[in-house]
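These are the residues of each chain, in order.
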Amino acid sequence: MAGRSPETVLDFWFAELAPAQWFRRDPALDAEIARRFAGTLAAARRGELWTWRRTAAGRLAEVIVLDQFSRNLHRDSAEAFAADPQALVLAQEAVAAGHDRALPVARRAFLYMPYMHSESLVVHDEALRLFDQPGLEDSLRFEHRHREILERFGRYPHRNAALGRASTPEELAFLAHPGSSF
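Predicted, not measured: the structure shown is a model, and the values here were computed from it.

Chemist: An account of the overall build of the protein is needed here, citing residue identities and associated values.
Modeler: Counting secondary structure elements, the protein contains nine helices and zero strands. What you see in the protein, going N to C, is helices and strands ordered as α-α-α-α-α-α-α-α-α. In summary, the protein has a C-alpha radius of gyration of 16 Å against a globular reference of 16 Å for 182 residues, a match within 12%. Principal axes of the C-alpha set define a box for the protein whose edges measure 45 × 35 × 30 Å. A burial count over the protein gives 47% of its 182 residues as buried.

Chemist: Quick one: what's the story with the environment of His177, residue by residue and with numbers?
Modeler: Here His177 shows up in the segment after helix H9 (169-175). The sequence separation of His177 and Val9 amounts to 168 residues, and the corresponding C-alpha distance is 35 Å. Among the polar contacts made by the side chain of His177, one reaches the main-chain carbonyl oxygen of Ala173 at a distance of 2.9 Å.

Chemist: How would you summarise the nonpolar core if you had to cite specific residues and measurements?
Modeler: If you look at the biggest cluster of nonpolar residues, it comprises 45 residues, and the most contacted ones within it are Trp13, Ile64, Phe69 and Tyr115. Looking at this core, the elements with two or more residues in it are helix H1 (6-16), helix H2 (27-45), helix H3 (56-73), helix H4 (84-96), helix H5 (105-117) and helix H6 (121-131). Looking at which element gives the most residues to this core, the answer is H3, with nine residues. In this structure Trp13 touches Trp22, Ile33, Ile64, Gln68, Phe69 and Phe110, once residues within four positions along its chain are discounted.

Chemist: Mind laying out the packing of H1 against H3, listing which residues take part and the relevant values?
Modeler: The contact between H1 and H3 brings their axes to 9 Å, and the two run at 60°. Compared by their axis directions, H1 and H3 come out oblique. At the point where H1 passes H3, the crossing takes the left-handed sense. On H3, the residues that touch Pro6, Val9, Leu10, Phe12, Trp13 and Phe14 of H1 are Ala57, Gly58, Leu60, Ala61, Ile64, Val65, Gln68 and Phe69. Here the residues of the contact of H1 with H3 sort into twelve nonpolar, two polar and no charged.

Chemist: Mind laying out the environment of Ala18, listing which residues take part and the relevant values?
Modeler: Looking at the element boundaries, Ala18 is found in the loop between H1 and H2. Considered as a pair, Ala18 and Ala80 are 62 residues apart in the sequence and their alpha carbons are 22 Å apart.

The rules behind the values
- Residue positions within a chain follow its written sequence, with the count starting from 1.
- Thresholds applied to this predicted model are a pLDDT of at least 70 for local features of residues and 80 or more for the giving and counting of side-chain atom pairs; totals over whole chains, interfaces and linings are not thresholded and use all residues.
- Water and hydrogen atoms were dropped before computing side-chain values, which therefore reflect all heavy atoms in the structure.
- By the criteria applied, helices consist of DSSP H or I runs no shorter than four residues and strands consist of E runs no shorter than two, each listed in order from the N terminus.
- When we talk radius of gyration, it's over C-alpha atoms, and the globule rule is simply 2.2 Å times the number of residues to the 0.38.
- Relative accessible area decides the class of each residue, using a 1.4 Å probe on protein chains only: under 20% of the type maximum gives buried, over 50% gives exposed, and in between gives partly exposed.
- A 3.5 Å cut-off defines polar contacts: any pair of N or O atoms within that distance qualifies, except that in protein one atom must be a possible hydrogen donor and the other a possible acceptor, and neighbouring residues in sequence count only when both atoms are side-chain atoms.
- We define a nonpolar core as any set of buried Ala, Val, Leu, Ile, Met, Phe, Trp, Tyr and Cys residues linked to one another through side-chain atoms lying within 4.5 Å.
- By the convention used here, residues are in contact when the closest approach between their heavy atoms is within 4.5 Å.
- The convention used is that axes are lines fitted to C-alpha atoms, helices contributing only their stretch in contact, and that angles between N-to-C directions extend from 0 to 180 degrees.
- In this scheme, roughly parallel covers angles under 35 degrees and roughly antiparallel covers those over 145, while 65 to 115 is roughly perpendicular and the rest are oblique.
- Crossing handedness: left-handed means the near helix sits turned counterclockwise from the far one by under a right angle, and right-handed means the same turn made clockwise.
- Each residue is assigned to one of three groups, with Ala, Val, Leu, Ile, Met, Phe, Trp, Tyr, Cys and Pro labelled nonpolar, Asp, Glu, Lys and Arg labelled charged, and all others, Gly among them, labelled polar.

Read these as layout, nothing more, since geometry by itself doesn't imply function.
Have a look at this one:
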């Protein structure tokens, strides 16, 4: 099955894509990720990629599949966030074991991304510490922005529609501003 190795995932994410593509809404890219990695995401969600966790790079690849590819494959739906808890646990285990330090600093940002995607302020306390290192200054700025939204609303309002949550008037006013969604 295409995409069934950590190297395939990492080569795609870090070599085939430009950084500007990582966070941009692009239906063609979403379709390409679906074509190449839908089976890999399904396998990861079933816990079938545990052998990838033997290395820091393999763990990173599994986190990217669960945390990033899920957003591309299931954009604007609850499924986009369904693997977040699993990705966070994998990232927390990697950090606890010091595996993040075996990765180039630019790639660490994606191992830490599940912390940023969490709606828990406790988790964000750790995210602030993790992103506060040379080479991750831009990620740290985004972490601060994410945390400010959680402090204000207790959740990410831009997820409300996808998750079937009713938005408060304050959240609706916030969402009306450009740049309020990630």
